[in-house]
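If you want the building blocks of each chain, they are given just below.
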Amino acid sequence: MTAPDLPSDTVDDPAAYGYRPELKRTLSSFQVFAVSFAFISVAVGIFATYDDLLANGGPVGIWTWPVAMAGQLLVALVIAQFAARIPLSGSSYQWASRLANPRIGWIFGWLTFCYLITGLTAIDNAMASQCLMPLFGMAPDETTARVITVVILLVQAVLAIASTRLVGLINSLAVGVEVAIVIVLVVGLLIAVALTGDGSVDNLTSRGVTAGSGDYWAFGGGLMATMIVGLATLVGFDSAANMAEEAKDPHRTVPRAIVGSVVAAGVLGMLFLIALTVAIGDVDTVSKSGSPVADILRAQLGAPMERILLVCVGIAFFGGGMVTMTSCARTVFAMSRDARFPGHRVLGKVNPQTQTPIGATVLPLVIGIVTMVVIPGDALLELITAGTLFPAITYGLIVVLYLAVRRRLSHTEGAFSLGRFDVPVAVAALAWTIFAVVVLVSPMSTATPIVIVVGLIAIGAAYLVSMLAFRRSVLTHEPSATAL
């Protein structure tokens, strides 16, 4: 049976769901794919986490990547089922609101907002400290990194407000540059190893500095800790769903982008990890480096290639940050136009000239600036670490939602569908998300991030309780086409 507040068939027009079409459909099929791929950003993810992999699990830890890829692909397949049938900004917020009830939908929306706002801070701060400052020869300095982060946030906000089409073009450029440079690096590294002999295929099975470690196989031990590379990188593929009202033919392009981005990023990332690992000359020395990727490239291809990498990674960082800000803005906008977000009267408006939600875009900018100014160094690091938990939790809840409401989803001709395999895939995806959460919280060092996650959820719960007490009517029903 189809839910009473959903169109009986897959419909791309927001009016069918009770909303005035205000956002302009400008994103092509490739640009929608670029949104998800830019958020994942293989080069950025590996650049930022390869040192953790070597230190915790040794080079052999790269083989946890295909495990993470398979698990995240299961989740992507479930999310694509929803994206094909309810193509609205707000993605999981809308799916849960319309297929369960608005209160559950609000919880999904708040978790997504927390995940995106912490992710935005992590990406832009890492771009400043790990990419731009080394590129321009600046000495490590936290204050300088924060100033640069604020500048990056401002530029991204201006571009996101100016035009969704512009965001799509920049993301497409970032994805093209990232794919090209990774392919070039993979080929270049393998050729360099073959010509110089400085490197070894044996690295692929080496435990490196973790050899002899007593807790290597233990719960929360070294091998389990290497999963962070895949879990922290292969996320954000659902961001295409958040841009559904600005995509052309969204019930086809968005599901393909979600699934395709995970497959493309997973394969490209595995090739990059293999090439990097084979190219390590001295495993112990590289494992103790703070920037092992840059060191490997410098040793094998020379200093100029290292600088080229930093430029390309910088472009990928910027694209990923802009996608995160834009996706966060769409979540805020979607909740605000339903009067379910603080400041909804301002945040739920679309500017008629730019056809973008200016207030909803300024909000993550303001939060990012306040974070850079107010939160001290150690607390900022813990906040960023906490951000890795939100997608795992959110994905798990989306899968639970699917299993609960799958019979209420329409089966429109041409829409993405798993057919009779949907239940096995969803059950496997649920098992994977539970495992992912356990992996992320198992190290003792995650105690503070867990407290931060609980605190952010508590803030959201307090606002939800206030709505139930003073504005209960906004949580009783969803907009419908008859209201227009």
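If you're wondering where the values come from, they're calculated on a predicted model, not measured in any experiment.

A.B. asks: Talk me through the nonpolar core; I want residue IDs and the actual numbers.
C.D. replies: In this structure, Y50, F82, W95, F237, V254 and I258 are the most contacted members of the largest nonpolar core, which totals 147 residues. Top contributing element to this core by residue count: helix α5 (residues 102-135), with 17 residues. F237 has contacts with S36, I40, Q72, V75, A76, I79, I258, S261, V262 and Y395, leaving out every residue within four places of it along the chain. L120, L153, A157 and L365 belong to the second-largest nonpolar core, a separate cluster that totals 5 residues.

A.B. asks: I'd like a description of the pattern of salt bridges, backed by residues and values.
C.D. replies: Per the counting criterion, the structure on display carries 9 salt bridges. Note that R146 and E142 form a salt bridge whose closest N and O atoms lie 2.7 Å from each other. Pair noted here: R146 and E142 are both in helix α6 (residues 142-162), with a separation of 4 residues, about one helical turn. The exposure class assigned to R146 is buried, which follows from its relative accessible area of 10%. We classify E142 as partly exposed; its relative accessible area is 44%.

A.B. asks: Any details on helix α11 (residues 250-278)? Residues and values, ideally.
C.D. replies: Three- or four-residue spacings in an α-helix give side chains the same orientation, since the helix completes a turn every 3.6 residues. For α11, spanning 29 residues, the distance from its first C-alpha to its last is 41 Å, which sits close to the expected 42 Å at 1.5 Å a residue. Here α11 lies mainly inside the structure; 21 of its 29 residues are buried.

A.B. asks: Outline the packing of α5 against helix α17 (residues 377-386), listing residues and values.
C.D. replies: Where α5 contacts α17, the axes come no closer than 8 Å and their chain directions differ by 120 degrees. With respect to each other, α5 and α17 are oriented oblique. Crossing of α5 over α17 shows left-handed handedness. Contact residues: T118, T121, A122 and N125 in α5; L380, L383 and I384 in α17. For the contact of α5 with α17, the per-class residue count stands at 4 nonpolar, 3 polar and no charged.

What counts, and where the lines are drawn
- Residues numbered from 1 in each chain as written.
- Predicted model: local features only at pLDDT ≥ 70, side-chain atom pairs only at ≥ 80, totals over all residues.
- Heavy atoms only, no water.
- Core = buried A, V, L, I, M, F, W, Y, C linked by side-chain atoms within 4.5 Å.
- Buried < 20%, exposed > 50% of the residue type's maximum accessible area, 1.4 Å probe, protein only.
- Helix = DSSP H or I, 4+ residues; strand = E, 2+ residues; numbered from the N terminus.
- Contact = heavy atoms within 4.5 Å.
- Salt bridge = Lys/Arg side-chain N within 4 Å of Asp/Glu carboxyl O.
- Expected span 1.5 Å × (residues − 1).
- Axes fitted to C-alpha atoms, helices over the stretch in contact; angles between N-to-C directions.
- Parallel < 35°, antiparallel > 145°, perpendicular 65-115°, else oblique.
- Left-handed = near helix turned anticlockwise from the far one by under 90°.
- Nonpolar A, V, L, I, M, F, W, Y, C, P; charged D, E, K, R; others polar.

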